[in-house]
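# Secondary and tertiary structure notes
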Amino acid sequence: MRETPDDLRRLQALLDASRARSTAHLRSIISDDRTLTAEQLTGVLTGMCTLALSTVTAKGEPRISAVDGHFLRGRWHFGTARGAAKARHLAARPAVSAAHLRGEDLGVFTHGTVEVLNPLDGEPAADWPELLAYFQEFYGADAFDWERDVVYYRLHPSWTAVFAPDLDRLTGTAEGPAGGRG
């Protein structure tokens, strides 16, 4: 877990506000006993998590593709080739939806906008050196030309919901449904 106490507070506030703004139907599915706290979520979303990422074309047509998602500091981070269609979509229309699913055990659904972390011709994000070190350790420092081949994004969420019906099965612990849920 790489989250600070402030990251966890921000993520918990987002989770709570998102559920409160959801429809009654969604709240009946993602009830108090079938969701995770920010701390539990960051403990589950470690390493690389495949994300289904939805972007929109210039014609307004939805497109979905898979990306390697990394949940760091309470937000999704992902990359793609600079010449990929999704990179063109995101440059023109940075609004996205993303979902990470693990069978019937976990669903993490997020809507928001993306920020480019390492623009080709511009200043990188302030934390890009730290993130680059993480990605190079994960994929290997020689995996890409990190300056020219890949563009990385951070998803700034406006809404996030988590469905996790059985914490024991998800984490392999004996914590139980009431253990630590807030």
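Residues numbered from 1 in each chain as written. Predicted model: local features only at pLDDT ≥ 70, side-chain atom pairs only at ≥ 80, totals over all residues. Heavy atoms only, no water.

## Observations regarding the overall build of the chain
Counting secondary structure elements, the chain contains 6 helices and 6 strands. The N-to-C order of helical and strand elements in the chain reads α-α-α-β-β-β-α-β-β-α-β-α. Whereas a compact globule of 182 residues would reach a radius of gyration of roughly 16 Å, the chain reaches 17 Å, a difference of no more than 12%. Its C-alpha atoms give the chain principal-axis dimensions of about 50 × 40 × 30 Å. Per-residue burial for the chain yields a buried fraction of 41% across its 182 residues. (Helix = DSSP H or I, 4+ residues; strand = E, 2+ residues; numbered from the N terminus. Rg over C-alpha atoms; globule rule 2.2 N^0.38 Å. Buried < 20%, exposed > 50% of the residue type's maximum accessible area, 1.4 Å probe, protein only.)

## Remarks on helix H4 (residues 85-92)
Inspection of H4 places Lys 86, Ala 87, His 89 and Leu 90 among the buried residues, and these make up the whole buried set. Along H4, the residues classed as buried sweep out an arc of 160° about the axis, all on the same side. Exposed side chains of H4 directed beyond 90 degrees from the buried face belong to Arg 88, Ala 91 and Ala 92. Of the surrounding elements, those touching the buried residues of H4 are strand S1 (48-56), strand S2 (62-72), strand S3 (75-81), strand S4 (95-102), strand S5 (106-116) and strand S6 (150-163). (Arc of directions from axis to C-beta. Contact = heavy atoms within 4.5 Å.)

## Quick look at the environment of Val 44
As for its position among the elements, Val 44 is in helix H3 (residues 38-44). The class of Val 44 is buried, set by a relative accessible area of 10%. On a C-alpha basis, the gap between Val 44 and Gly 122 in space is 34 Å, while along the polypeptide they are 78 residues apart.

## Notes on the nonpolar core
Buried together is how nonpolar side chains tend to be arranged in soluble globular proteins. Judged by nonpolar contacts, the single largest core of 30 residues is most densely connected at Leu 36, Leu 41, Leu 45, Trp 76 and Leu 106. In this structure Leu 45 touches Phe 71, Trp 76, His 100, Arg 102, Leu 106 and Val 108, once residues within four positions along its chain are discounted. Core analysis: the second largest hydrophobic core is formed by 11 residues, Leu 72, Leu 131, Val 150 and Tyr 152 among them. (Core = buried A, V, L, I, M, F, W, Y, C linked by side-chain atoms within 4.5 Å.)

## Some words on the environment of Ile 64
Tracing the backbone shows Ile 64 in strand S2. By relative accessible area, which is 66% here, Ile 64 ends up exposed. It is 9.2 Å that separates the C-alpha atoms of Ile 64 and Ser 97, two residues lying 33 residues apart in sequence. With near-sequence residues (within four places) excluded, Ile 64 lies in contact with Ala 52, Leu 53 and Ser 54.

## Some thoughts on the pattern of salt bridges
Counting across every chain of the model gives 8 salt bridges. A salt bridge links Arg 154 to Glu 115, with the nearest nitrogen and oxygen atoms 3.0 Å apart. Of the two residues, Arg 154 is situated in strand S6 and Glu 115 in strand S5; the sequence distance between them amounts to 39 residues. For Arg 154, a relative accessible area of 9% gives the class buried. Relative accessible area serves as the criterion here: at 26%, Glu 115 is assigned to the partly exposed category. Between Asp 127 and Arg 154 there is a salt bridge, with its nearest N and O atoms 2.8 Å apart. With Asp 127 in the loop between S5 and helix H5 (128-139) and Arg 154 in strand S6, the pair connects residues that are 27 residues apart, well separated along the chain. Accessibility expressed as a relative area gives 22% for Asp 127, which makes it partly exposed. The structure contains a network of salt bridges with shared partners spanning Asp 7, Arg 10 and Arg 73. (Salt bridge = Lys/Arg side-chain N within 4 Å of Asp/Glu carboxyl O.)

## Notes on the packing of aromatic side chains
One pass over the full model with this rule turns up 11 aromatic pairs. Between Phe 135 and Tyr 152 the ring centres are 4.1 Å apart and the planes differ by 25°, which places this aromatic pair in the stacked class. Separated by 17 residues along the polypeptide, Phe 135 in helix H5 and Tyr 152 in strand S6 bring together distant segments of the chain. When the ring of Tyr 139 is compared with that of Phe 144, the centres are 6.2 Å apart and the planes differ by 65°; the resulting orientation is edge-to-face. (Phe/Tyr/Trp six-rings, centres within 6.5 Å; stacked < 30°, edge-to-face > 60°.)

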